[in-house]
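Summary of structural features
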Amino acid sequence: MKKITTMVTMAFACMAFATGALAGERQGAFSVSPFVGGYTFDGVQHLETSPVYGLRLGYDLTKNWGVEAVGDFLATDGTRSERSINALSYRLDILYNFMPDGPLVPYIAVGGGGITYGHGKDGLKISDRTTDATANAGLGLKYFVTDSIALRGDARQLFILEDPKSPKFNWEYTAGFTFLFGGKTAPAPVAAVPAAEPVPVPPAPSNQLTVTPSSITKGQSATLTWSSANATNCEIQPGIGAVQPQGSMAVTPADTTNYTLTCDGAGGSAKSAANLSVTTPAPPVPSGNLTVAPSSITKGQSATLMWSSTNATNCEIQPEIGAVQPQGSMAVTPAENATYTLTCSGAGGTAKSAANLEVVMPAPPAPAPKLCSPTVINIHFDTNKSAIKPQYHDELKKLGDFLAEFPQATGAIEGHTDNVGSKAANMKLSQRRAESVRNYLIEKFGIAPERIKAVGYGPTKPIASNKTKAGKEQNRRIESNFTCNAK
């Protein structure tokens, strides 16, 4: 072991004191690399660490990639017996060189081959040989001291594949030299040509172009201002042409324009640009106004719609009227409450205006001369109920007093509903409510039953529109119709 340490130390000492490194790897070069070092066995092999000697023959495919055939020899002793063992290792490696242009070239290597063991006897004779496949991986370092000579150190781990499922791990660490032959060399240096006497260079022109303001509305103007130095002629494009080296002018482009000032002189040419943004003014927003007079009419009467608009190209009124002129008026006779909407459109958008027209139902006709009782009794029931609430007793007392005053009067209590729900259900509900009022009059005021009938008409006789809340409320009613005879 002491001998191995001494050899490796000497080799690396040579690398440390080498000077004058010149070059690195060369594509197409052959290499010869003798080496010495040490070899350490996996502990399960029970073999001592020993010196190793060998030779590498390589070829540089490129500056970075190379291949090497490696052969080495070692002699060792067993750790459990006096028997000596010789080993011959041979493999083919692939190298990748980092920083191949040198002088310091680190590299990595992988490869595979075999190792043959034999009992040592009579010098290098090997007998009773055993051969195992091997694989290896490691790294190394070359230091070029001339174009073709490098100091070299290398460390490898070898995998002994006697049993592929349980390989043995050996180490090999070496130092030596590499000699390169052939390959592509760097071109010879070219002699420097004496510099010619400098020729005076005329000053380069410079210029500047600005526009104020940088954004305008279409039809407005902006001001171009420019200046230059070391220039003999200038022009501004697009659409302007030759100008003095300094100046200003108003411009009114129809669209966004990028102006370019170009000035030439003995020293060359200079350019400067200024962008003027042109925006199109937004079209005016339309307006519209719709009124109705009067705002409330009796059903069958007419009202007048009047409207006007600005900045509009077309207008319409809904519901049921359609397209109209931007200004105008017209009579309308709706059957029920209506909200009229004027919509006017133009390039600047859309405007709306609304007007409400209330349609009031005409008053019910006056009762016939022979009817001598109130037509409508102001009684309201809970939803889907027919029981009379106490607050309506006074209302029924008026009718009871009337029937007592006119004992010959006969007639009917009529029940009516709105159109919410089915017709059949409303017919039954109106009948129950009419009967509830009839029974109350008979029981509380002693009216003879044969004088009063109860009839339910459900939703069949509305006196107002069922499309509004107020109209539905008017339709939910109790009417009494009696014919009177004199006392």
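See the structure shown above.
With that out of the way, let us pick up the overall build of the protein. Tallying secondary structure elements over the protein gives four helices and 28 strands in all. When the 487 residues of the protein are sorted by exposure, 36% land in the buried category. Counting only contacts in the protein whose residues sit at least 6 apart along the sequence, the fraction spanning at least 24 positions is 60%. Accessible surface for the protein amounts to roughly 26,900 Å². Of this, 58% is attributable to carbon and sulfur atoms.

Take helix α3 (residues 423-445) next. With 23 residues, α3 ought to run about 33 Å at 1.5 Å a step, and its terminal C-alpha atoms sit 33 Å apart, in line with that. Listed in full, the buried residues belonging to α3 are N426, L429, S430, R433, A434, S436, V437, Y440, L441 and I442. In the core, the buried residues of α3 are packed alongside α2 (393-405), β26 (410-416), β27 (452-458) and β28 (477-483). Two residues or fewer after α3 comes G446, characterised by a positive phi angle close to 70 degrees.

Among the secondary structure elements, N170 is positioned in strand β8 (residues 168-181). Judged by its relative accessible area of 0%, N170 is buried. A distance of 2.7 Å separates a polar atom in the side chain of N170 from the backbone nitrogen of D42. Looking at N170, its side chain comes within polar contact range of the side chain of Q45, at 3.2 Å.

A word on the pattern of salt bridges. With the rule as written, the count across this model stands at 15 salt bridges. Close ionic contact of D154 with R56 constitutes a salt bridge, the shortest N to O distance being 3.5 Å. Within this pair, whereas D154 is found in strand β7 (residues 149-160), its partner R56 is found in strand β2 (residues 50-60), the two being separated by 98 residues in sequence. A single burial state applies to D154 and to R56, both of which are buried. K168 serves as the salt-bridge partner of E162, at 2.7 Å between the closest nitrogen and oxygen. Note on K168: relative accessible area 14%, which makes it buried. Ionic contacts of the salt-bridge type, sharing partners, join the residues R56, E68, D72, R91, D93, R152, D154, R156 and E172 into one network.

Glancing now at the nonpolar core. In terms of nonpolar packing, the biggest core is built from 21 residues, with L399, L403, I413 and V437 touching the most fellow members. Those elements giving two or more residues to this core turn out to be α2, α3, β27 and β28. V292, W307, L357 and V359 belong to the second largest nonpolar core, which has 18 residues in total.

Glancing now at the environment of L305. Mapped onto the fold, L305 is located in strand β19 (residues 303-310). With relative accessibility at 0%, the residue L305 sits in the buried group. Between the C-alpha atom of L305 and that of G328, which follows or precedes it by 23 residues, the distance is 8.3 Å. If near-sequence neighbours (up to four positions away) are discounted, L305 is found in contact with L290, T291, V292, I317, I321, G328, S329, M330, V332 and Y340.

Conventions and cut-offs
- Residues numbered from 1 in each chain as written.
- Predicted model: local features only at pLDDT ≥ 70, side-chain atom pairs only at ≥ 80, totals over all residues.
- Heavy atoms only, no water.
- Helix = DSSP H or I, 4+ residues; strand = E, 2+ residues; numbered from the N terminus.
- Buried < 20%, exposed > 50% of the residue type's maximum accessible area, 1.4 Å probe, protein only.
- Contact = heavy atoms within 4.5 Å.
- Areas by Shrake-Rupley, 256 points an atom, 1.4 Å probe, with all protein chains shown as cover.
- Expected span 1.5 Å × (residues − 1).
- Polar contact = N/O pair within 3.5 Å; in protein donor to acceptor, adjacent residues only side chain to side chain.
- Salt bridge = Lys/Arg side-chain N within 4 Å of Asp/Glu carboxyl O.
- Core = buried A, V, L, I, M, F, W, Y, C linked by side-chain atoms within 4.5 Å.

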